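Commentary on secondary and tertiary structure
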Amino acid sequence: MVISGGTIVAGQVLKARLDDLVTPGQLLPPDGAAAAAKKSDIKGPLNILLVGIDPRNDTTAPLSDSIIVVHIPASMDEAYLFSIPRDLVVDIPAFPKTGFNGGRAKINAAMSYGSSVGNGKHDVPQGFSLLAKTVSQLTGIQRFDAGAIINFGGFKKIVDAMGGVTMTIDQTVKSEHLAPDGSPRPRSERCRNPQSNCEHPYTGPQKTYKPGTYHLEGWEALDYVRQRYGLKNSDYDRQRHQQQFVKAMAQQAFSKDVVTNPPKLEKVLQAAGKALIFDGNGNSVVDWGLALKNIRPTGMTLIKLPGRSVITGGSYRGEALQDSAQDFFASIREGTVATYLLAHPEFINKS
């Protein structure tokens, strides 16, 4: 969506209006932010960290339910998207600001360990900083050039402001949470107590998404990309669906009714501004849109990292990446990702 803004921005007044709609934030670690404290040209190669979270108040520790890294090579006309499994067991570095001494845990807990500001309060941007350090340590990417947090509650408003999104659904998906009309599924009698430890507490008819191409409303798109139960490859299928959604949104943004319609684009960014926190390392969201204007959906490659579930004593402990993932990360760092994928096409999500 932001990329499409680069095709219509005309004049400083409109640019300033669009910039003001998206919430700025200090997301990246201080070493990365300090290096770009002064505005500079945005040049590749670039790495962007995108995180999705549930709506939470400041007394609830945030968890990163969706983690996507976008790599843009020096040519600035392509983008490679890969997801980090939310249950990936990693070493989370120490974070003196919260007194966290570091440890091994699922990566989606990194934001929680980094978010505490005392008195039972939590700061989401501060938590993002520790998550960025954790992803850097995992991938070897020294620093991120930009970062964003999207609140899933506002996700629906963004899609609806765009007039929905057209997606190709690649497998049958049944909603764990919603009925066919979009209303919440009720809890079963044995699971009505919110403190109960029911793994699948809901009952009744389910919203079902069948293979094919559909134009989805906001609530449908959000529901679809959040499902993992009942899928053959569980969270790995969900990661693919989330990547497909990002690509579909880019396609939708480039459609004529958005790109050539400034009032509609402004409406979309107004919706995004209420759901999005953005750190462009000293550059605004529109600056980034202009810099990335040559990337088209056809130039976006979706990556699947090879992984497996960790089972100990019959209990699920999380996820682990295969050793070949480190070779892929090395190709990102060395600027040879296109060559690596030619030799290893199994990394490309072709669905």
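See above for the structure.
Attention in this report is confined to the structure presented alongside it. (Residues numbered from 1 in each chain as written. Predicted model: local features only at pLDDT ≥ 70, side-chain atom pairs only at ≥ 80, totals over all residues. Heavy atoms only, no water.)

Overview of unusual backbone geometry
Rules: Numbering goes from the N terminus for both helices and strands, where a helix is a DSSP run of H or I of at least four residues and a strand is a run of E of at least two. Type-normalised accessible area, obtained with a 1.4 Å probe on protein chains alone, sets the label of each residue: buried when under 20%, exposed when over 50%, and partly exposed for intermediate values.
Note that the residue after Gly-44, namely Pro-45, is joined by a cis bond; omega there is 0°. The backbone of Met-76 shows a phi angle near 60°, a positive value even though the residue is not glycine. Topologically, Met-76 is positioned in the loop between strand S3 (66–72) and strand S4 (79–83). A positive phi angle is found at Ser-234, which is not glycine, with a value near 50°. Looking at the secondary structure, you find Ser-234 in the loop between helix H7 (218–226) and helix H8 (235–253). The class of Ser-234 is partly exposed, set by a relative accessible area of 31%.

A word on the packing of helix H6 (residues 152–161) against helix H10 (residues 262–273)
In plain terms, the rule: Angles shown run from 0 to 180 degrees and are taken between the N-to-C directions of axes, each axis being a line fitted to C-alpha atoms and, for helices, limited to the stretch in contact. Each angle is binned into one of four classes, with values under 35 degrees roughly parallel, values over 145 roughly antiparallel, values of 65 to 115 roughly perpendicular, and all other values oblique. Should any heavy atoms of two residues lie within 4.5 Å, those residues are considered in contact. Note on residue classes: Ala, Val, Leu, Ile, Met, Phe, Trp, Tyr, Cys and Pro are nonpolar, Asp, Glu, Lys and Arg are charged, and everything else, Gly too, is polar.
Interaxial distance between H6 and H10 falls to 8 Å at its minimum, and their mutual angle equals 175°. In terms of their interaxial angle, H6 and H10 are classed as roughly antiparallel. For the pair formed by H6 and H10, the contact residues are Lys-157, Ile-158 and Ala-161 on the first element and Lys-264, Lys-267, Val-268, Ala-271 and Ala-272 on the second. The residue inventory of the contact of H6 with H10, partitioned by class, reads 5 nonpolar, no polar and 3 charged.

Here we look at H6
The condition that has to hold: Here the arc refers to the set of directions running from the helix axis out to each C-beta atom.
Residues of H6 that are buried include every one of Phe-152, Gly-154, Phe-155, Ile-158, Val-159 and Ala-161, and no others. One side of H6 carries all its buried residues, which in axial view fall inside an arc of 160°. A positive backbone phi angle near 85° is found at Gly-163, which sits one or two residues after H6.

Examining the state of the cysteines
How we decide: Count a disulfide wherever a pair of cysteine sulfur atoms falls within 2.5 Å.
Per the counting criterion, the structure on display carries 1 disulfide. Through a disulfide, Cys-191 is tied to Cys-198; the S-S separation comes to 2.0 Å. Disulfide Cys-191-Cys-198: torsion about the S-S bond near -95°, hence left-handed. For the pair Cys-191 and Cys-198, one class covers both residues: buried.

Section: the packing of H7 against H8
The N-to-C vectors of H7 and H8 enclose an angle of 145°; their axes lie 8 Å apart at closest approach. Contacts between H7 and H8 pair Ala-221, Tyr-224, Val-225 and Arg-226 from the former with Arg-238, His-241, Gln-242, Gln-244 and Phe-245 from the latter. For the contact of H7 with H8, a count of residues per class yields 4 nonpolar, 3 polar and 2 charged.

A closer look at helix H12 (residues 324–334)
Those residues of H12 that fall on the buried side of the exposure criterion are Ala-325, Phe-328, Phe-329, Ala-330, Ser-331 and Ile-332. Immediately downstream of H12, the backbone of Gly-335 shows phi near 75°, a positive value.

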